[in-house]
Amino acid sequence: MIENRPAVTIISHCMLILGVAIIAFPIWITFVAATHDAVRMVQIPLPLLPGGHFFENLNQALNKGISGGANQGVVMMLFNSLVMAMMIAVGKIAISLLSAFAIVYFRFPFRMGFFWMIFITLMLPVEVRIIPTFEVVANLNMLNTYWGLSIPLIASATATFMFRQTFLTIPDELLEAARIDGAGPMRFFFDILLPMSRTNIAALFVILFIYGWNQYLWPLLVTTDQSMFTIVMAIKQMLEAAEQAPEWNIIMMTTLLAMLPPVLVVIFMQKLFVKGLTETEK
Amino acid sequence: MLKKVHFGPSYLPYLLVAPQILITVVFFIWPAGHALYQSLLIQDAFGLSTEFVWFENFEVLFEDDHYFDTFKRTVFFSVLVAGLSMGFSLILAAMADRVVKGAMAYRTLLIWPYAVAPVVAGALWVFMLDPTLGILTYGLSAMGYDWNHKLNGSEAMTLVVVAAAWKQVAYNFLFFLAAMQSIPKSLIEAAAIDGAGPVRRFWSIIFPLISPTTFFLLVVNIVYAFFDTFGIIHAITQGGPAKATEILVYKVYNDGFVGLDLGGSAAQSVILMAIVIGLTVVQFRYVEKKVEYQ
Amino acid sequence: MIIKKKLLKAVAVVAISGFSASAMAATEVQWWHAMGGTNGERVNKIAADFNASQSDYKVTPSYKGNYTETMTAAIAAFRAKKQPHIVQVFEVGTATMMAAKGAVYPVEQVMKDAGEPFNKSIYLPAVISYYQTSDGELLSMPFNSSTPVLWYNKDAFKKAGVKSPPETWDEMKSASEKLVAAGYKCGFSFGWQSWVMIENYGAWNNIAMGTKENGFTGTDTTFTFNNAKVKARIASIADWSKDKLFTYGGRRGDSLSMFTNGECGMWMNSSAYYGSIKKQAKFEFGQTMLPLDTDVASKPQNSIIGGATLWVLKGGKSDEYKGVAKFMTYLSSPEVQAWWHQETGYVPITTPAYELSKKQGFYNSNPGTDTAIKQLSLNQPTANSRGIRFGNFVQIRDVINEELEAIWNGSKTASQGLDDAASRGDKLLRKFERANK
């Protein structure tokens, strides 16, 4: 500490606690809503303290659900979301590492052309090109498959761009040394580049896992088979069951379940995530 | 761009970029090209009758006052989201930078909204501020304020801004805190010896030194507000009331996906793509420069 | 990399096994629907019962999101030649579906081609008139149909001293005044406002909302709902909202909780909310017919339906369409219809189903549940009350929603808002006319 001013420190703590309280309030309300029964959830004022129906609701959400489209409960959907998120994260990291390696460490015709081709995909969200993308996926017979769910979302440059930044900061001497040792490009890639990008890979994994887990519109379009539905879709569909009032207790329980995996990933990979993220700035 | 030292020419780099290029071409360039072509057509929803109209869809857009309103609204929305979430996280980061004990605990507690899906975030906030059931609505009405974001456009805008900013606080906080912690302590100590108080030190030393991070975050936040808030708006207001929360991405979705006006929607996509490319170039320039400094 | 391979292998196994289990033996009929929640479970039950009743065909229902999401998913699938056989489309999508002659297989034709007996006279005229061509061919099969009714809180009426439920708009006003005076937060509210306050207001008071018989006789139609009568009614409601006689609560059914909480004593919306209200309201409630506007008409005409119908899409094999026809027959059978009607609050689509429900004593034990069907069949439908058929109507409803919201929150007058809605709507009609030449 630069100087000792207890008052300032106390104020800092108070403000931080206030900030945490503001940020965490919605999740508390979600939790509370998930512990009451349906009747309590339509009476004003809504409760601020938990009730006694947590396990009942958990059981219903897991095994029955409320949405008729998916009355097998949300377990299958959690699994589908997991597979989709993993495929997106792992797939994107794999192809991006390879392409960034090629672009940074090789000189070859059309290098810049390839780079810009990838780069242009950086930010355009799926929502604005969704119908033509759907047609492509349908023509490739990938509807209702994990491939169809994940591969179109892999087409984005964020990861390539980030690895490119990382590779650029790796000292040239390493490559020279590797060449003196007679190491080929792939050997260099696996022995030197991969270990040195560990934190970036971890950070990207977190980002992409969350990105994949949180998709909504795309899974809705490419899945028609109920056994392929994802959890985030389920929440939206519970919210607007036609001509019926939403069952908030089950919706909020499902919301909790849907939030849990990505939140756990962020919290447990926090150190690597923060390090990887802030070292390269995206 | 390229390493000074690099591998010699071979077929290998083509193999390495092949998967990504393949996916990009099939799932991005081709559909985007299709959207480009579609923007020159007037077509019924099923694709059974098609008329090629050149730039008429664009002309209609540029003559439509509602489209320009949407443009202005999007900018306004983005500035509010970026300002609110960055301001809030800057304060929190400055506080966390000061406290020695518990900074990491605070970080853990602040980081998780980043992981919440936009649609889910929307559902949470709409639940808390439902005009009849919402717990916050109840609190507000106890204070004498009648909240109804389904009727009042400014309240609807406030709600989507707050929900969107809430989700982004975690990300901004991480960057601000990391930037502040990388400032050499000796600089701050020197200022303290000169008698500068904590607030003065923040504005005269810390804030200027983290300005590159601030600029970076500004771009990221604007891009986030432009494109990634779709799910939030979709879950909370669906663009209403009376278009009060309809931003560009939502309009593309709404005209194309709900209204089935594929040509008009594709024309908007093309305009959005142009904006994206512009923003990308800005960000790219900036990042390139930073790398040169290192 | 090894982990990835393993994962992919596991995924492939799951994908393949999931696939092969569903694609065997019986001819499969795909049915995409928009029924979430408990109604979705009922849809699954109908399909399962049908599948159990015979072994040649297997109907596979699939939830595709809300009405607009379902319709767009089906259209996107059609463009990619992966369309389902049956898709549930809400009533405002009718004109869009109808115009797509190359995509839609009229239900009457499906039945004829499959050699399935089909007696159109058992269907209720007010229900099927909405979905017929001008020559009387039935295009799609009504599935979940409802009509707006006036829901009211009997306990609140007693407390406020309202003797009988309002029958006219003047009585709506006086009842609302009494409710507010008795301490209620608002007199009445409504949802699906374009449907209730523009489309059904027109039908009930027998005035047109657009030219060309509300679009039935041609796509070159224009809107006339910005007439003095509608303007006067909307203006008065906007005026009442200052005294809390009316409170706006959202575009769809969002305002339901205002009624079930006891905040608003009356609520105008679909008869299909019966189940939800029964579950949530802790007071005695009733339903009655919509109020008449005595400044416009001397007696009520009939209301028009909402909800959705099942459309058959072209492109499948002929034996699959035989399955579709068999399923349509099953769906229209009195037992299935009566069950669906009694469980959901949707209107039965055939006279035998209505008669069966009567015989089972359903209306005696659930008074008021026949309001919707009575209201729909109050009179032989006129050109103004047969239904509406406007292209791009999904977007036009949004326009009407937006302009009405601007009127409710005071940023536009009723006259301004309705004129803007009509001129913006006309533009969309022209666009539709052009795209569907």
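Keep in mind the model is a prediction, meaning the values are calculated, not measured. (Residues numbered from 1 in each chain as written. Chains lettered and ligands numbered in written order. Predicted model: local features only at pLDDT ≥ 70, side-chain atom pairs only at ≥ 80, totals over all residues.)

For the rest of this paragraph, the subject is the overall build of chain C. When helices and strands are tallied, chain C shows 20 helices and 10 strands. Radius of gyration (C-alpha) of chain C: 23 Å, near the 22 Å computed for a compact globule of 437 residues. Across its three principal axes, chain C shows a C-alpha extent of roughly 70 × 60 × 50 Å. Classification of the 437 residues of chain C by burial places 58% in the buried group. (Helix = DSSP H or I, 4+ residues; strand = E, 2+ residues; numbered from the N terminus. Rg over C-alpha atoms; globule rule 2.2 N^0.38 Å. Buried ≥ 20, exposed ≤ 12 C-beta atoms within 10 Å, placed from the backbone.)

What follows deals with the overall build of chain B. From N to C terminus, chain B includes 13 helices and 2 strands. Here the C-alpha coordinates of chain B stretch approximately 75 × 75 × 30 Å along the principal axes. Out of the 294 residues belonging to chain B, those deemed buried represent 51%. Considering only contacts in chain B between residues 6 or more positions apart, those separated by 24 or more positions represent 69%. (Contact = placed C-beta atoms within 7 Å.)

Taken together, the contact pairs 86 residues of chain B with 84 residues of chain A. With 18 residues, helix α1 (residues 12-38) of chain B is the single largest residue contributor to the side of chain B that touches chain A. Its residues assigned to classes, the side of chain B that touches chain A shows 71 nonpolar, 10 polar and 5 charged. (Nonpolar A, V, L, I, M, F, W, Y, C, P; charged D, E, K, R; others polar.)

Turning our attention to unusual backbone geometry. The backbone of Ala242(B) shows a phi angle near 50 degrees, a positive value even though the residue is not glycine. For Ala242(B), the position within the fold is in the loop between α11 (230-236) and α12 (248-258). Given 23 C-beta atoms within a 10 Å radius, Ala242(B) is considered buried. Unusually for a residue other than glycine, Lys244(C) sits at a positive phi of about 65 degrees. The topology assignment puts Lys244(C) in the loop between α11 (228-240) and α12 (256-260). Overall, the presence of 17 C-beta atoms within 10 Å leaves Lys244(C) in the partly exposed class.

On to the environment of Asp130(B). When you line up the elements, Asp130(B) lands in the loop between α5 (118-128) and α6 (135-142). Through-space distance from the C-alpha of Asp130(B) to that of Ile205(B) is 44 Å; in sequence the pair is 75 residues apart.

Facing the 33 residues of chain C at the interface are 24 residues of chain B. The dominant element in the side of chain C that touches chain B, judged by the number of residues it contributes, is helix α19 (residues 393-408) of chain C, at 7 residues. Residues of the side of chain C that touches chain B, tallied by class, amount to 11 nonpolar, 13 polar and 9 charged.

Let us look at the packing of helix α2 (residues 37-53) of chain C against helix α15 (residues 334-344) of chain C. Residues and elements named next belong to chain C. Their axes nearest at 11 Å, the elements α2 and α15 cross at an angle of 170 degrees. With respect to their mutual orientation, α2 and α15 come out roughly antiparallel. Every pair of crossing elements has a handedness; the one defined by α2 and α15 is right-handed. Seen from α2, the contacting residues are Asn 39, Arg 42 and Ile 46; seen from α15, they are Val 336, Trp 340, Glu 343 and Thr 344. (Axes fitted to C-alpha atoms, helices over the stretch in contact; angles between N-to-C directions. Parallel < 35°, antiparallel > 145°, perpendicular 65-115°, else oblique. Left-handed = near helix turned anticlockwise from the far one by under 90°.)

Residues and elements named next belong to chain B. It is at 9 Å that the axes of helix α3 (residues 65-98) and helix α10 (residues 211-228) come closest, and there the two elements cross at 130 degrees. The orientation of α3 relative to α10 falls into the category oblique. Where α3 crosses over α10, the handedness of that crossing is right-handed. On the side of α3, the interface is formed by Thr 74, Phe 77, Ser 78, Val 81, Ala 82, Ser 85 and Met 86, while α10 contributes Leu 217, Leu 218, Asn 221, Ile 222, Ala 225 and Phe 226. Here the residues of the contact of α3 with α10 are counted per class, giving 9 nonpolar, 4 polar and no charged.

This brings us to the confidence of the model for chain C. Residues and elements named next belong to chain C. Of all residues in chain C, 94% have pLDDT values of 70 or greater, and the mean over the chain is 89. Low pLDDT, under 50, characterises residues 1-23; the stretch is placed with 10 contacts to residues that sit more than four places away or in other chains. Both confidence scores are given for the complex: pTM 0.83, ipTM 0.82. (pLDDT = per-residue confidence, 0-100.)

Counting 325 residues, the largest nonpolar core has Leu208(A), Ile235(A) and Val120(B) as the members making the most contacts within it. The element that contributes the greatest number of residues to this core is helix α3 (residues 75-105) of chain A, accounting for 20 residues. Two domains each donate at least three residues to this core, and these are domain 1 (21-146 + 305-365) and domain 2 (148-303 + 391-435) of chain C. The contacts of Ile235(A), once residues within four sequence positions are left out, are Ile251(A), Thr254(A), Thr255(A), Ala258(A), Val119(B), Val120(B) and Ala123(B). (Core = buried A, V, L, I, M, F, W, Y, C linked by C-beta atoms within 7 Å. Domains from an automatic or database assignment.)

With that settled, the discussion passes to α3(A). Given 3.6 residues per turn, any residue in an α-helix points the same way as the ones three and four places further on. Compared with an ideal rise of 1.5 Å per residue, which puts 31 residues at 45 Å, α3(A) spans 45 Å between its outermost C-alpha atoms and is within 8% of the ideal. Counting buried positions along α3(A) yields 26 of 31 residues, so the element is predominantly enclosed. (Expected span 1.5 Å × (residues − 1).)

All names here are of chain C. Burial analysis of strand β10 (residues 306-313) places 8 of its 8 residues in the buried class, the great majority of the element. As paired strands, strand β3 (residues 86-90) and β10 are joined by 5 bridges and run antiparallel to one another. By the bridge assignment for β10, Gln 88 is matched with Leu 310. As paired strands, strand β4 (residues 104-105) and β10 are joined by 2 bridges and run antiparallel to one another. If you follow Val 104 over to β10, its bridge partner there is Leu 313. Sheet analysis places strand β5 (residues 141-146) next to β10, joined by 5 bridges and oriented antiparallel. Residue pairing in the sheet places Asn 144 in a bridge with Ala 308 of β10. (Pairing = 2+ DSSP bridges.)

On to the sheet that holds strand β8 (residues 264-270) of chain C, then. Within a sheet, adjacent strands bond to each other through the backbone by hydrogen bonds, running parallel or antiparallel. Residues and elements named next belong to chain C. Taken together, 4 strands build an open sheet; the order of strands is β7-β8-β6-β9 and the sheet is mixed. Only two strands of the sheet have a single neighbouring strand rather than two, namely β7 (186-190) and β9 (285-288). For this sheet, the mean angle separating the axes of adjacent strands, direction not counted, is 20 degrees. With 5 bridges joining them, strand β6 (residues 148-153) and β8 adopt antiparallel strand pairing. Bridge assignment links Trp 151 to a residue of β8, and that residue is Trp 267. Across the sheet, helix α8 (residues 169-181) lies against β7 and β8, angled at about 125 degrees from β7, the strand it touches most.

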